[in-house]
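Descriptive structure summary
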Amino acid sequence: MRTTFGMGIVGAGRIFEQHARAYAALGARARLLAIADVDQAQLQKVTARYFIPYAYQDHRALLERDDVDVVTVCTPPVLHERVVVDALEAGKFVLCEKPLAHTLEAADRILAVARRWPGKLSTVYQFRYLPEVQRTLWLRDQGRLGRLMFGRFSRCARFETPAKAGKPGKVRTDWWGRWGTAGGGAVMTQLIHEIDLMCHLFGRAIEVTAAMDTLKAPIESEDTCAATVRFESGALVCCYGTMTAHRSSNAFDVVGELGSVHSPWAFECMDSKWRDQSLRAVLAVHPLSAERSSVPAGLAAAFRARLRRGGANHTPPDSAHTPYVAAVLDAIAEGRRLPIGPEEARASLEICTAIYASALTRQPIALPLDSTTRCYTGLTTGDYDGRQGHPVQMAATSTERSVSGMRR
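For the structure given in this document, a descriptive report is provided here. Everything quoted here is computed from the prediction, not taken from an experiment. (Residues numbered from 1 in each chain as written. Predicted model: local features only at pLDDT ≥ 70, side-chain atom pairs only at ≥ 80, totals over all residues. Heavy atoms only, no water.)

1. Quick look at a nonpolar patch on the surface
The following threshold applies: Nonpolar side chains (Val, Leu, Ile, Met, Phe, Trp, Tyr) are joined into patches within 5 Å and like charges within 9 Å, using only residues with over 30% relative accessible area and no salt bridge. Per-residue and other accessible areas follow the Shrake-Rupley method at a 1.4 Å probe size, with only the shown protein chains counted as cover for residues. By salt bridge we mean one thing: a side-chain nitrogen of Lys or Arg within 4 Å of a carboxyl oxygen of Asp or Glu. Secondary structure counts use DSSP, requiring at least four H or I residues in a row for a helix and at least two E residues in a row for a strand, with both numbered from the N terminus.
A contiguous nonpolar patch, built from Met149, Phe150 and Leu236 and spanning about 220 Å² of accessible area, is present on the exposed surface. Within the secondary structure, leucine 236 sits in strand E10 (residues 236-242).

2. Some details on the packing of helix H1 (residues 14-25) against helix H2 (residues 40-50)
As a reminder, the rule being used: In this analysis, axes come from line fits to C-alpha atoms, helices being fitted only over the stretch in contact, and the angle between any two N-to-C directions falls in the range 0 to 180 degrees. Under this scheme an angle from 65 to 115 degrees is roughly perpendicular, one under 35 degrees roughly parallel, and one over 145 degrees roughly antiparallel; angles in between are oblique. In this scheme, a crossing is called left-handed if the near helix is turned counterclockwise away from the far one by less than a right angle; it is called right-handed if the turn is clockwise. Throughout, a residue-residue contact means that at least one pair of heavy atoms, one from each residue, lies within 4.5 Å.
Running from N to C, H1 and H2 cross one another at 20°; their axes reach a closest spacing of 12 Å. On the basis of their axis angle, the class for H1 and H2 is roughly parallel. Seen along the crossing, H1 lies across H2 with a hand that is right-handed. Taking contact as the criterion, the partners of Phe16, Glu17, Ala20 and Arg21 in H1 are, on H2, Val46, Arg49 and Tyr50.

3. Focus on helix H8 (residues 186-202)
As a reminder of what qualifies: Each residue is assigned a bend, namely the angle between axes fitted to the seven residues that terminate at it and the seven residues that start at it. With a 1.4 Å probe rolled over the protein chains alone, any residue whose accessible area is under 20% of its type maximum counts as buried; one over 50% counts as exposed, and the rest are partly exposed.
Considering bend angle alone, the principal kink of H8 is centred on isoleucine 192 and spans about 60°. Buried residues dominate H8, accounting for 16 of its 17 residues. Following H8 by one or two positions, glycine 203 has its phi on the positive side, about 100°.

4. Focus: the sheet that holds strand E7 (residues 148-158)
To keep it simple, the criterion reads: Between any two strands, at least two bridges found by DSSP are needed for them to pair.
Read from one edge of the open sheet, eight strands run E13-E12-E11-E7-E10-E9-E8-E14, paired in mixed fashion. Because the sheet does not close on itself, it has two edges, and the strands there are strand E13 (266-268) and strand E14 (365-366). Relative to E14, strand E8 (residues 205-213) is paired through two bridges, and the arrangement is antiparallel. Bridging across to E14, valine 208 finds its partner in isoleucine 365. Against the sheet, helix H6 (residues 131-141) touches E7, strand E11 (244-256), strand E12 (260-263) and E13, its axis set at about 15° to E11. Taken strand by strand, helix H13 (residues 342-361) contacts E8, strand E9 (224-231) and E14, and its axis lies near 55° from that of E8.

5. A look at the pattern of salt bridges
Tallying each qualifying case throughout the model produces 19 salt bridges. Linking glutamate 334 and arginine 336 is a salt bridge whose minimum nitrogen-to-oxygen distance equals 2.8 Å. In this structure, glutamate 350 engages arginine 346 in a salt bridge whose closest nitrogen and oxygen atoms are separated by 3.2 Å. Placement of both glutamate 350 and arginine 346 in helix H13 is noted, with a separation of four residues, approximately one turn of the helix. Classification of glutamate 350 as buried rests on a relative accessible area of 9%. Linked by salt bridges that have partners in common, Glu81, Glu105 and Arg109 make up one network.

6. Focus: the packing of aromatic side chains
Operational definition: For Phe, Tyr and Trp, where Trp contributes only its six-membered ring, two rings pair if their centres lie within 6.5 Å, and the inter-plane angle classes them as stacked under 30 degrees, edge-to-face over 60, or tilted in between. A positively charged side chain is recorded as over a ring if its NZ (Lys) or CZ (Arg) lies within 6 Å of the ring centre. The angle to the ring normal must also be within 35 degrees.
By the definition in use, this model includes eight aromatic pairs. Geometrically, the ring pair formed by tryptophan 179 and tyrosine 356 is edge-to-face, given 5.2 Å between the ring centres and 80° between the ring planes. One end of the pair, tryptophan 179, is in helix H7 (residues 179-182); the other, tyrosine 356, is in helix H13, and 177 residues separate them in sequence. Each member of the pair, tryptophan 179 as well as tyrosine 356, carries the same accessibility label: buried. Residue placement shows lysine 120 over the ring face of phenylalanine 93; its charged tip is 4.6 Å from the ring centre.

7. Let's talk about unusual backbone geometry
That bond from lysine 98 to proline 99 is cis: its omega, -15°, falls within 30 degrees of zero. Along the chain, the position of proline 99 falls in the loop between strand E5 (93-97) and helix H5 (104-114). Of note, the amide linkage connecting leucine 367 to proline 368 takes the cis form, showing an omega dihedral of 5°. Locating proline 368 in the fold gives a position in the loop between E14 and helix H14 (381-385). If you check the backbone angles, isoleucine 340 has positive phi at about 55° while not being a glycine. The topology assignment puts isoleucine 340 in the loop between helix H12 (322-333) and H13. With relative accessibility at 3%, the residue isoleucine 340 sits in the buried group. Positive phi outside glycine occurs at cysteine 375, with the angle close to 80°. On the secondary structure map, cysteine 375 appears in the loop between E14 and H14.

8. What about the side chain of aspartate 223?
Note that aspartate 223 resides in the loop between E8 and E9. Dropping the residues within four chain positions of it, aspartate 223 is found in contact with Ala186, Asp213, Thr214, Leu215, Lys216, Ala217, Gly241, Thr242, Met243 and Thr244.

9. Topic: the sheet that holds strand E1 (residues 5-10)
Ordered in space as E3-E2-E1-E4-E5-E6, the six strands form an open sheet in which the pairing is parallel. Only two strands of the sheet have a single partner each, and these edge strands are strand E3 (54-56) and strand E6 (121-124). Direction aside, the axes of adjacent strands within the sheet are offset by 25° on average. As paired elements, E1 and strand E4 (residues 70-73) share four bridges and run parallel to each other. Each bridged residue has a counterpart across the sheet, and for glycine 8 the counterpart in E4 is valine 71. Here helix H4 (residues 80-89) sits on the sheet in contact with E1, E4, E5 and E6, set at roughly 170° to E5.

In structure tokens form, the structure reads like this:
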């Protein structure tokens with residue numbers, strides 16, 4: 001069985017760091033061999049930091065390398081289609097950062113190509129591998145939750161983070177929140193993680209009702225959204241997100257007839273015997289880590305991490321992407337289809353599209369969507385400016401200027 005894979009990344013921006021850290025954490029299994037980005041200065045910066053042997057300003061040159069087995073696409077969403085299709089046609093395994101594309105129309109074109117290369121395209125939804133999600137899936141599949149009835153998924157984030165105590169602030173890239181480049185704002189680039197988890201846990205969605213607005217962030221798309229999704233099973237799930245928060249957080253609740261699961265992690269049941277049996281069973285399969293099982297252990301871990309950050313030989317911390325990348329490499333080594341294929345990625349993007357359509361029309365939107373659905377080809381500032389509310393206006397720039405760095 002093959003144990004080492006050559007990795008290439010297209011796009012050298014902030015999300016690149018997460019993948020580079022994940023590869024480093026996997027040791028010899030993932031060798032980061034090549035990086036592509038049109039920005040020469042950014043290429044020099046990341047190759048020096050991560051000792052990447054080969055750097056290109058044209059992603060097609062990276063795709064020509066026989067020693068690159070897996071290509072990760074970390075460009076702005078509007079460029080996903082171009083790079084994903086080129087990589088698939090070059091015979092590579094492809095990991096595409098979410099969303100799969102900036103419009104449902106572009107995603108369907110990608111799917112048409114991916115069907116000619118079955119099992120070789122995966123979309124990066126790393127939160128599926130969080131321990132609390134894994135426990136929820138296990139409890140559901142073992143019948144410990146009973147019929148799923150209700151869910152709540154949320155993500156609150158800050159648009160920008162101010163610098164403090166010598167730590168630089170976090171500034172969004174200029175393409176973030178642009179309809180033509182990102183495909184949207186809080187829904188497409190933040191809440192889509194929770195939307196993917198909803199689909200992963202509850203199955204097929206059949207109707208979406210939503211509202212959205214731009215309350216604070218200086219973007220042309222929405223910074224806040226609330227939606228209710230009805231699933232084929234009959235379950236009702238609400239999801240909401242904002243980029244106006246003062247503290248970043250995310251959470252979910254999954255309520256079944258026999259028990260409920262919550263993140264931050266908890267399992268609840270009015271039958272104490274069932275609760276105790278279920279907890280013992282699930283934690284035997286997906287145990288609590290030492291850092292999460294007690295406050296003293298968590299404080300000790302944080303202190304050790306702070307010491308590492310302050311040391312002379314700074315090693316970047318591990319990434320939440322690591323379990324996802326490990327699952328991808330396991331699938332390749334075992335000859336299986338890659339996890340989180342394009343059809344699953346389309347499902348979350350379809351709900352995002354339905355959220356926009358519902359918010360604009362103020363009507364429930366039935367799923368599935370097709371090419372006749374409003375918002376299938378994406379939105380423009382003209383579409384969104386017609387809603388009730390007062391969006392923050394931005395000076396328009398061309399798509400090419402917005403994505404010139406080819407990175408997230």
